[in-house]
Amino acid sequence: ARLTVHAPEREDLRLHVRVPIGAEVDAGDLRLGPRASLKGRVLRPDGSPAPGASISWCSVDARSWPAPLETGISTSSDPKGRFELPVGKQRYLVFARGRKGERAHGLADNTDPSFQEIVLRLETATRVNLRYDERACAGCLLVLE
């Protein structure tokens, strides 16, 4: 399950929670820090700004087990390739996807007072083909991120 908390002037919280069938899960104390912003820009491979790139992010510090990196939140870079994210004082994985499918990712440490912005340089995505024997994999869990 995904637990999402929005509070005025506080960072948003998005957690994936494992809930076994019929069980009750105590999420513990949830502490929301003050809202902060995370600035960044997206560049094309040649170093020019990449306007309209899709930006998504997730907190590294809030992860407690292997959970999806996708949070369902996104924004776009402006005409100069810049973006600003409403986050907290944590570390974030930030992903960019260009208009032609190019991709970039990086780690933004918003806990570091000297951190200014994250710069993501788009590169051509590599296609991965996965082949498997459906019968031999019955009952298996396969996760590819």
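This write-up is about the structure you can find in this document. (Residues numbered from 1 in each chain as written. Predicted model: local features only at pLDDT ≥ 70, side-chain atom pairs only at ≥ 80, totals over all residues. Heavy atoms only, no water.)

**Remarks on the sheet that holds strand S3 (residues 36–43)**
Strand order across the open sheet formed by three strands is S6-S3-S9, with mixed pairing between neighbours. Every other strand in the sheet has two partners, leaving strand S6 (82–87) and strand S9 (118–121) as the edge strands with one partner each. Geometrically, the sheet is characterised by an average inter-axis angle of 30 degrees between neighbouring strands, direction not taken into account. Bridging between S3 and S6 involves six bridges; their strand directions are antiparallel. Directly across from Leu38, in S6, lies its bridge partner Leu85. (Pairing = 2+ DSSP bridges. Helix = DSSP H or I, 4+ residues; strand = E, 2+ residues; numbered from the N terminus. Axes fitted to C-alpha atoms, helices over the stretch in contact; angles between N-to-C directions.)

**Points about the pattern of salt bridges**
With the rule as written, the count across this model stands at six salt bridges. We note a salt bridge from Asp61 to Arg91, for which the minimum N-O separation is 2.8 Å. Here Asp61, found in the loop between strand S4 (54–59) and strand S5 (74–76), pairs with Arg91, found in strand S7 (residues 91–97); they are 30 residues apart in sequence, far enough to count as distant. The partner of Arg135 in a salt bridge is Asp133, with the nearest N and O atoms 3.7 Å apart. Through salt bridges with shared partners, one network takes in Asp12, Arg14 and Arg35. (Salt bridge = Lys/Arg side-chain N within 4 Å of Asp/Glu carboxyl O.)

**Structural notes on the side chain of Glu11**
Among the structural elements, Glu11 can be located in the loop between strand S1 (2–5) and strand S2 (13–16). Within the local environment of Glu11, its side chain forms a polar contact with the backbone nitrogen of Gly33, the two atoms lying 2.6 Å apart. Here Gln90 takes part through its side chain, which lies 2.6 Å from a polar atom of the side chain of Glu11. Once you skip the residues sitting within four places of it in the chain, Glu11 turns out to touch Arg31, Leu32, Gly33, Pro34, Arg35, Val87, Gly88, Lys89, Gln90 and Tyr92. (Polar contact = N/O pair within 3.5 Å; in protein donor to acceptor, adjacent residues only side chain to side chain. Contact = heavy atoms within 4.5 Å.)

**Quick look at the side chain of Asn110**
Inspection of the secondary structure puts Asn110 in the loop between strand S8 (103–109) and S9. With a relative accessible area of 5%, Asn110 lands in the buried category. A distance of 3.5 Å separates a polar side-chain atom of Asn110 from the backbone oxygen of Ser37. (Buried < 20%, exposed > 50% of the residue type's maximum accessible area, 1.4 Å probe, protein only.)

**Some details on the layout of surface pockets**
The computed volume of the second largest pocket comes to approximately 380 Å³. Contributing elements (two or more residues each) for the lining of the second largest pocket: S2, S4 and S6. Ranked by residues supplied to the lining of the second largest pocket, first place goes to S2 with four residues. In the lining of the second largest pocket, the residues fall into 15 nonpolar, six polar and five charged. (1 Å grid on protein atoms, 1.4 Å probe; cavity = no way out; pocket = protein on both sides within 12 Å on 5 of 7 lines; lining within 4 Å. Points joined across faces, edges and corners; volume = space filled by probe spheres on them. Nonpolar A, V, L, I, M, F, W, Y, C, P; charged D, E, K, R; others polar.)

**Details of unusual backbone geometry**
One non-glycine residue with positive phi stands out, namely Glu9, at about 65 degrees. By the secondary structure assignment, Glu9 is in the loop between S1 and S2. Accessibility expressed as a relative area gives 66% for Glu9, which makes it exposed.

As far as function goes, none of this settles anything; it's purely spatial.
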